[in-house]
Each structure stands twice: as C-alpha cells, then as structure tokens.
Amino acid sequence: MNIQNILNINNLHVNIDNSDIIKGLNLKINAGEIHAIMGKNGSGKSTLAKVIAGHPNYQITQGEINLKGENITKDEADIRAHKGIFLGFQYPIEIPGVNNIDFLRLSYNSIQKANSQNELDPLSFFDLINKKIKNINMDANFLSRNVNEGFSGGEKKKNEILQMSLLSSTLYILDEIDSGLDVDALRDIAHNINELQNNSKGLLLITHYQRLLDYVKPDYIHIMDKGRIIYTGNANIASQIEKYGYNSIL
C-alpha cells in the first residue's frame, strides 16, 4: 500500500534575534498518523509549530519543510494555509470589531479561491457553518460575536476547533490546545479532534501533559530538548514522563 507523506522536515535550523532555537530537527508525518511533541519549557516546541505554519519572525537558516512532497520552506504563511496547513493557537487572540462569522467566511473563501474552488455567499456559508457548529456542540451565539472577544479559555479553544473543522486542511497542528481547559472541556475538544482526524490527514499535537493524550492517542511521541528531537517512542512514553519527569528520558 502506498502511504502518502504529509510532512517531511529535514535538518531544520531556525534562528530568531541571532539566537539558534531549532538545531537540526527531522520529522516525518504520514497520512492518517497522529504525532505528539512533548518537552520542557523552552525546548522549541511552539517555535516548531510557528515555523511550520510560516511565522515571519523566524529565520530558517538551513534545511527544508516539505508538504505532500512540495518544498514550502520559503512560502509565506497565507500560501502555506492555502496549501493545507492549519495551526491552532495556544493563546488565540481577540479581534475587536471583527464578527466571527465574517472572519470564518473570509478565511474559508480565501482558501477556496486559492484552490480554484467555489466561494460561498453569506447565506450558503451560514448553512455550512451551522452544520459545523452542531457537529462540535458549539453555541450558535458565538458566530455573531467578535472573534474570541470575551470568550472563556475553553470557548476560544472550541473556536479554534471550529476553524479546523471548516478549513479541512491537510496538516493540523495544535499548539497546547489543552492548556487552560477543565476536564469536561478537554474531553469535548478531544472528541472533536478525533472526529476530524482521518486517513488522508496528518495531526501534530504539542502538549506538556499526558491528559490530552489519554483521549487523542498518538502513534508517535517525540521528546524535544534544546531545539532537537532527542527521543521518539509510542504512546506509553507519556505515562513515563507523567510519573518520572523528562529527566528519565533526557
């Protein structure tokens, strides 16, 4: 069986403010796989997420990022999004004065247009987004509010999942989507993630804690330290870290 490669990172070196953050990192994600990255604060996890998504503040000094066999190392963030990369933020920002449903429709239509697909008028989009919010058990009132303004931590994360559901990307990157969530919200978010992941997509979870991985089972867990992946194992590694800490691996 021919398994499609979604993400292939080769010998990645990243610099910000003349400081090396990522130092020779390699990572490969195939279609249908769930990968988790864990590590101490400052190990480079969130930096990696931002670099894959194309954050302009980070300079790639060496190496390549390939998405479905295409070199995207020099692509801008919007081009990477058009090609199928979605990043769910640890701290989603509030956007005062921008209506959530308008933001979602513009995002959706931007990707549709870039891929020569039909854009949706407001009424057609309203039908689509209503189906999406029902699938993730989200209150329709959030569509008429400004983007993340006045949302609780859990509501902001659910809004990220709504975007993830809507944009149907090829690679989902979720940067500490579990931070700040109570048990019920975590279970709800995890259920939605499992529903969205399928055999044609790749999923990269960045987390500190085992609790998310109890609900979303990774195929591989990578441990980062000082800008490198220094260990790769299966889902059982998370419980070892929970019991004995990162030093048991480092």
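Residues numbered from 1 in each chain as written. Predicted model: local features only at pLDDT ≥ 70, side-chain atom pairs only at ≥ 80, totals over all residues. Heavy atoms only, no water.

In the nomenclature of an unreviewed UniProt entry, the protein corresponds to Probable ATP-dependent transporter ycf16 from the organism Dasya naccarioides.

### As for the packing of aromatic side chains
Applying the stated criterion across every chain yields a total of three aromatic pairs. Aromatic side chains Y108 and F125 sit 5.8 Å apart centroid to centroid with 50° between the ring planes, which places their arrangement in the tilted category. Here the residue Y108 occupies a position in helix 3 (residues 100-114), and F125 occupies one in helix 4 (residues 122-135), the gap between them amounting to 17 residues. Residue F125 is classed as buried on the basis of its relative accessible area of 0%. When the ring of F142 is compared with that of F151, the centres are 4.9 Å apart and the planes differ by 70°; the resulting orientation is edge-to-face. Neither F142 nor F151 differs from the other in exposure class; each is buried. (Phe/Tyr/Trp six-rings, centres within 6.5 Å; stacked < 30°, edge-to-face > 60°. Helix = DSSP H or I, 4+ residues; strand = E, 2+ residues; numbered from the N terminus. Buried < 20%, exposed > 50% of the residue type's maximum accessible area, 1.4 Å probe, protein only.)

### What about the pattern of salt bridges?
Considering all chains together, one arrives at five salt bridges under this definition. Here K158 and D188 are joined by a salt bridge, their closest N and O atoms 2.5 Å apart. Of the two residues, K158 is situated in helix 5 (residues 153-167) and D188 in helix 6 (residues 183-196); the sequence distance between them amounts to 30 residues. By relative accessible area, K158 is classed as buried at 13%. (Salt bridge = Lys/Arg side-chain N within 4 Å of Asp/Glu carboxyl O.)

### Notes on the sheet that holds strand 11 (residues 220-225)
Ordered in space as 6-9-10-3-11-12, the six strands form an open sheet in which the pairing is mixed. A strand with exactly one partner marks an edge of an open sheet, and here the two such strands are strand 6 (85-88) and strand 12 (228-233). Within the sheet, the average angular offset between the axes of one strand and its neighbour, ignoring direction, is 20°. Running over the sheet, helix 8 (residues 237-244) touches strand 3 (34-39), strand 11 and strand 12 and is turned about 45° from strand 11. (Pairing = 2+ DSSP bridges. Axes fitted to C-alpha atoms, helices over the stretch in contact; angles between N-to-C directions. Contact = heavy atoms within 4.5 Å.)

### Regarding the pairing of strand 12
Taken together, the five bridges between strand 11 and strand 12 define a ladder with antiparallel strand orientation. Note that in strand 12 the partner of H222 across the bridge is T232. What sits between strand 11 and strand 12 in their antiparallel hairpin is a turn of two residues, with K226 showing a positive phi close to 50°.

### Observations regarding the UniProt feature "domain: ABC transporter" (unreviewed entry) in the protein
Mapped onto this structure's residue numbering, the UniProt feature "domain: ABC transporter" (unreviewed entry) falls at residues 7-249. Annotated as residues 7-249, this span is 36% helix and 30% strand, and its ends, taken at the C-alpha atoms, are 25 Å apart. (UniProt positions renumbered as here; feature names shortened; annotations may be inferred.)

### Observations concerning the side chain of S169
Mapping S169 onto the fold places it in the loop between helix 5 and strand 9 (171-175). The buried category is assigned to S169, whose relative accessible area is 5%.

### Details of the sheet that holds strand 4 (residues 59-67)
If you trace the four strands from one edge of the open sheet to the other, you get 2-1-4-5, paired in antiparallel fashion. What marks the edges here is a single partner per strand, and that holds for strand 2 (19-30) and strand 5 (70-71). Judged from the nine bridges that link them, strand 1 (residues 5-16) and strand 2 form a sheet pairing that is antiparallel. Bridging across to strand 2, L7 finds its partner in I29.

### Structural notes on helix 4
In this model helix 4 runs 20 Å from its N-terminal to its C-terminal C-alpha over 14 residues, within 8% of the 20 Å that 1.5 Å per residue would give. The set of residues buried in helix 4 consists of F125, I129, N130, K132 and I133. End-on view of helix 4: buried residues confined to an arc of 165°, all on one side of the axis. Along helix 4, the residues that are exposed and aim more than 90 degrees away from the buried face are L123, K131, K134 and N135. Once helix 4 ends, the next one or two residues include N137, with phi positive near 60°. (Expected span 1.5 Å × (residues − 1). Arc of directions from axis to C-beta.)

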